[in-house]
Amino acid sequence: MLQLESVSKQFATKVLLKEASVHLRPGTRVGLVGPNGVGKTTLLRLVLGEQDVDDGRIRKRPRLRIGYLPQDLETIPGHTALDATHRGSYPEHDAKRILSGLGFTESDFSRPLSALSGGFRMRVALAHLLLSAPDILLLDEPTNHLDKATQRWFEDFLLKSSFTMLVISHDTAFLDRIATHIWEIRHQRIMESVGNYTKYVAWREAFEAAQAAAADRQDKEIGRVQKFVDRFRYQATKASQVQSRLKQLEKVKRIERTRDPKRRAIPNGCVSGFPFPRHRDDTRSTSKASPRHTARSWCTALWIFSWSEANV
Ligand SMILES: Nc1ncnc2c1ncn2[C@@H]1O[C@H](COP(=O)(O)OP(=O)(O)OP(=O)(O)O)[C@@H](O)[C@H]1O
Ligand SMILES: [Mg+2]
């Protein structure tokens, strides 16, 4: 439905995305996370075409209707809360139902937008978006202005609807309740996992621990070959072996360590016994493997990968 293919984007010297690829599938509710300033809002703007990619491309299904709730609202067309919600094109009773859910009373419906607080203006914009039912909802921190009761209504509404959505939020409890997938902008790429935020954090820990372990093994292998080269470099009888090892060293693609060193280590490096969330394209696969088996095979796969990459 929407696909980023090897997208790069930077502002001046700040690189936000470097060859990031990801796919938004119909019916999924994706939580987009990452620290302040990492590029989350920019990603939504790229999808909307408000910003251009530097490289790569964004593919969208033809005639895709995208609804956007910006992080900072400027103006909303309309005079009263109710007009601004239905804007003449949608049934008034549906607009009222949604406004009520978002905490408006009957008497608030006719209040001018200018008399509403920023938080309530944001709710009007959200009400209009929910009513217009676009193919994809892009929401930038939608719960910032919602009290607990209204947030509950909003979560229920999203869970009952079949909206495909990409929602930026720092509210991890909200993401735990509504997200089917998490994307994190991290090291200029987009990491993706299936499940809610808690599952994502566990997955990332496991992934990065295994990646670090694989990189350690690769370093050891490289060290071993380098030692051989250093030792026999000047021995004529070993010249061809030294040459072939030098070539191997040149070809090695180093495994990246993306782990934040401040984060705690997972005992045993790999993740045996860990309920390993499937990753990316496995979303709809029906693997019969047990989580323990999946985790073990996955670690083994990474190990084989690292070993064959080093191939020394
Ligand atoms: N139009 C622009 N021109 C130059 N720099 C920009 C522009 N838009 C964003 N930036 C910079 O790009 C970086 C990412 O901004 P962005 O708003 O996408 O971050 P964010 O992840 O949404 O942050 P937050 O969580 O604070 O909302 C920031 O350093 C920001 O200052
Ligand atoms: Mg932002």
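Just above sits the structure.
Report follows, based on the coordinates. No experiment lies behind these values; they were computed from the predicted model shown. (Residues numbered from 1 in each chain as written. Chains lettered and ligands numbered in written order. Predicted model: local features only at pLDDT ≥ 70, side-chain atom pairs only at ≥ 80, totals over all residues.)

By nearness alone, every residue bordering ligand 1 is listed as Phe11, Lys14, Leu16, Gly34, Asn36, Gly37, Val38, Gly39, Lys40, Thr41, Thr42 and Gln71. Secondary structure elements with two or more residues in the shell around ligand 1: strand 2 (14-24) and helix 1 (40-48). The biggest single contributor to the shell around ligand 1 is helix 1, with three residues. Here the shell around ligand 1 is composed, by residue class, of three nonpolar, seven polar and two charged. (Near = placed C-beta within 6 Å. Helix = DSSP H or I, 4+ residues; strand = E, 2+ residues; numbered from the N terminus. Nonpolar A, V, L, I, M, F, W, Y, C, P; charged D, E, K, R; others polar.)

Moving on: the packing of helix 7 (residues 197-232) against helix 8 (residues 239-251). Any two packed helices are characterised by the angle at which their axes cross and by the distance between the axes. The N-to-C vectors of helix 7 and helix 8 enclose an angle of 145°; their axes lie 10 Å apart at closest approach. Where helix 7 crosses over helix 8, the two elements pack in a sense that is left-handed. Across the interface between the two elements, Ile222, Val225, Gln226, Phe228, Val229 and Phe232 from helix 7 touch Gln241, Val242, Arg245, Leu246, Gln248 and Leu249 from helix 8. Class assignment for the residues of the contact of helix 7 with helix 8 results in eight nonpolar, three polar and one charged. (Axes fitted to C-alpha atoms, helices over the stretch in contact; angles between N-to-C directions. Left-handed = near helix turned anticlockwise from the far one by under 90°. Contact = placed C-beta atoms within 7 Å.)

Note on placement: Thr28 falls in the loop between strand 2 and strand 3 (29-33). The partly exposed category is assigned to Thr28, around which 17 C-beta atoms lie within 10 Å. Separated by 135 residues in the primary sequence, Thr28 and Phe163 have C-alpha atoms spaced 7.5 Å apart. Dropping the residues within four chain positions of it, Thr28 is found in contact with Thr164, Thr180 and His181. (Buried ≥ 20, exposed ≤ 12 C-beta atoms within 10 Å, placed from the backbone.)

This next bit is on helix 7. The terminal C-alpha atoms of helix 7, which comprises 36 residues, lie 52 Å apart, in line with the 52 Å expected from a rise of 1.5 Å per residue. Along helix 7, the positions that sit buried rather than exposed are Tyr197, Tyr200, Trp203, Arg204, Ala206, Phe207, Glu208, Ala209, Ala210, Ala213, Ala214 and Gln218. (Expected span 1.5 Å × (residues − 1).)

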